[in-house]
Amino acid sequence: MTKRILITGAAGFLGSHLCDRFIQEGYQVVGMDNLITGDLKNISHLFKLREFDFYHHDVSKFVHVPGKIDYILHFASPASPIDYLKIPIQTLKVGSLGTHNLLGFALAKKARILVASTSEVYGDPLVHPQNEDYWGNVNPIGPRGVYDEAKRFQEAITMAYHTYHKLETRIVRIFNTYGPRMRLNDGRALPAFIGQALRGEDLTVFGDGSQSRSFCYVDDLVEGIFRLLHCDYAKPVNIGNPVEITIKQFAEEIIKLTGTTQKIVYKPLPQDDPKQRQPDITRAKEILGWTPKVSREEGLKITYEYFKSLPPEELKRSAHRFA
Ligand code: UDP
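The model shown is predicted, which means the values in this text are computed figures rather than measured ones.

**Student:** Explain the overall build of the protein chain residue by residue, including any values.
**Tutor:** Across its full length, the protein chain holds 10 helices and 13 strands. For the protein chain, the C-alpha radius of gyration of 19 Å lies close to 20 Å, the compact-globule estimate for 323 residues. Here the C-alpha coordinates of the protein chain stretch approximately 55 × 45 × 35 Å along the principal axes. The buried share of the protein chain, taken over its 323 residues, is 55%. Across the protein chain, the 41 positively charged side chains and the 37 negatively charged ones have centroids separated by 3 Å.

**Student:** Tell me about the site of the ligand, residues and numbers included.
**Tutor:** If you check the shell around the ligand, you find 18 residues, and the closest are T204, F206, R213, D273 and R277. Interatomic distance of 2.6 Å between a side-chain N/O atom of D273 and an oxygen atom of the ligand. Within the side chain of R277, a nitrogen or oxygen atom sits 2.5 Å from an oxygen atom of the ligand. For the ligand, whose unbound accessible area comes to 520 Å², protein coverage reaches 98%. Listed by contribution, the elements that provide at least two residues to the shell around the ligand are α5 (189–199) and β8 (203–206).

**Student:** So what about the packing of helix α1 (residues 13–24) against helix α6 (residues 218–229)? Which residues, and what values?
**Tutor:** Remark: α1 packs on α6, axes separated minimally by 10 Å, with the N-to-C direction vectors making an angle of 65 degrees. Judged by the sense of rotation from one axis to the other, the crossing of α1 with α6 is right-handed. Taken together, the residues of α6 that come into contact with α1 (itself represented by F13, L14, H17, L18, R21 and F22) are V218, L221, V222, E223, I225, F226 and L229. Its residues placed into classes, the contact of α1 with α6 shows 10 nonpolar, one polar and two charged.

**Student:** Explain unusual backbone geometry residue by residue, including any values.
**Tutor:** Here the amide bond leading from H128 into P129 is cis, since omega sits at -10 degrees, within 30 degrees of zero. Along the chain, the position of P129 falls in the loop between β5 (112–118) and α4 (145–165). A positive phi is found at K110, a non-glycine position, where the angle reads about 55 degrees. With phi around 65 degrees, D272 is a residue other than glycine that occupies positive phi space. Its location among the elements puts D272 in the loop between β13 (264–267) and α8 (282–288).

**Student:** Which residues make up the layout of surface pockets, and what are the values?
**Tutor:** Taken as a whole, the second largest pocket holds about 260 Å³ of empty space. Surrounding the second largest pocket, 16 residues form its lining, E132, W135, E155, R173 and P236 being those nearest its centre. Of all the elements in the fold, those that place two or more residues in the lining of the second largest pocket are α4 and β6 (169–174). Among the elements that line the lining of the second largest pocket, the one with the most residues is α4, at four residues.

**Student:** Any details on the packing of α5 against helix α7 (residues 247–258)? Residues and values, ideally.
**Tutor:** At their nearest, the axes of α5 and α7 sit 10 Å apart, and the two run at 40 degrees to each other. Put simply, α5 runs oblique to α7. The crossing of α5 and α7 is right-handed. In this structure, α5 uses A189, L190, F193, I194 and A197 to contact α7, whose residues at the interface are I247, F250, A251, I254 and T258. Per-class residue counts for the contact of α5 with α7 are nine nonpolar, one polar and no charged.

**Student:** Residues and numbers for the state of the cysteines, please.
**Tutor:** Under the defined criterion, the tally for this structure stands at zero disulfides. Just so you know, C19 is unpaired, no disulfide at all, and the nearest cysteine sulfur is the one on C216, 19 Å from it. Exposure remark for C19: the relative accessible area of 0% places this residue in the buried category. No disulfide involves C216; its sulfur sits 17 Å from that of C231, the nearest cysteine.

**Student:** Could you give me a rundown of the pairing of strand β2 (residues 28–33), with the residues and numbers involved?
**Tutor:** Burial analysis of β2 places five of its six residues in the buried class, which makes it a mostly covered element. Alignment of strand β1 (residues 4–8) against β2, held across five bridges, turns out to be parallel. Bridge assignment links I5 to a residue of β2, and that residue is V29. Viewed along the sheet, the connection from β1 through α1 into β2 turns out right-handed. For β2 and strand β3 (residues 52–56), the ladder comprises five bridges, and the chain directions are parallel. The residue bridging D33 from the neighbouring strand is H56, located in β3.

About the thresholds
Residues numbered from 1 in each chain as written. Predicted model: local features only at pLDDT ≥ 70, side-chain atom pairs only at ≥ 80, totals over all residues. Heavy atoms only, no water. Helix = DSSP H or I, 4+ residues; strand = E, 2+ residues; numbered from the N terminus. Rg over C-alpha atoms; globule rule 2.2 N^0.38 Å. Buried < 20%, exposed > 50% of the residue type's maximum accessible area, 1.4 Å probe, protein only. Lys, Arg positive; Asp, Glu negative; His and termini not counted. Charge placed at Lys NZ, Arg CZ, Asp CG, Glu CD. Near = heavy atom within 4 Å. Polar contact = N/O pair within 3.5 Å; in protein donor to acceptor, adjacent residues only side chain to side chain. Areas by Shrake-Rupley, 256 points an atom, 1.4 Å probe, with all protein chains shown as cover. Axes fitted to C-alpha atoms, helices over the stretch in contact; angles between N-to-C directions. Left-handed = near helix turned anticlockwise from the far one by under 90°. Contact = heavy atoms within 4.5 Å. Nonpolar A, V, L, I, M, F, W, Y, C, P; charged D, E, K, R; others polar. 1 Å grid on protein atoms, 1.4 Å probe; cavity = no way out; pocket = protein on both sides within 12 Å on 5 of 7 lines; lining within 4 Å. Points joined across faces, edges and corners; volume = space filled by probe spheres on them. Parallel < 35°, antiparallel > 145°, perpendicular 65-115°, else oblique. Disulfide = S-S within 2.5 Å. Pairing = 2+ DSSP bridges. Right-handed = clockwise from strand over helix to strand, strands pointing away.

So, in structure tokens, the structure goes:
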């Protein structure tokens, strides 16, 4: 019988790619989003399909969907530092109350639930690369605390439902991911740099640009999540691309890719900005047989084509964030 899956945060960057993948795999997909940071245009191509339903709903409130649900992917959450500053309480609520609602919903439906956690649970890590046994170095009251602590609580309550209620749960710790449908104005490094290049502005590197990140192309992430959902492993699994790069090098790559004649300008480093981040993916390799396949060169090209294809008004609108 056809499996039915609820995907929260369906109109967001990752949620929309997950909707596409599960529809491709022959699932009935129920998307849910409150559209605070998501955008219906990411899933507008799905509305005509019989395999897709959409609920405009905030999962921080009681969740109800009639009929059977076999799987749940909880991907609803603001996910960029600019958003945490603008909507800190909603960020805390969706990770805590929202996760609690969805765990209760999973129990009622006898569904398996996978929750989207993050490398932010490692905070500004003192261990490098980060493996799943590292407990992290998080400032609970800093600007990122609302996200980091909500996600840490999310992991705790998910494990509690697993051990106490015997619920089938999965936890993915997602490292920096990029690709088409990222929000141009979400303040993240990649859309910021490409947006600036396309508008003919200088690229704003925060700090001296020596902080590092490891960027994973969205299709690789989706493959890892697909495998994790279908395996039999309840502890957290890192999914990310271990190829590490400094933010300055990253900005230089974007300058080369876009052919912009603009230069890099340096701005103050935001508070609690992690100095380094690289996933240890040994566990994902062993348990899921997963490794990322898309090189940064290839992934950035596809992503650049996407941003280039956006209407010019959208490109202009995203500029005010950096004014
Ligand atoms: N960053 C930057 N310029 C920008 C936006 C971000 O130099 O216009 C830096 C940011 O300070 C961080 C890195 O790029 O060190 C990655 O930032 P992003 O928001 O993409 O991800 P996160 O910090 O959550 O890993």
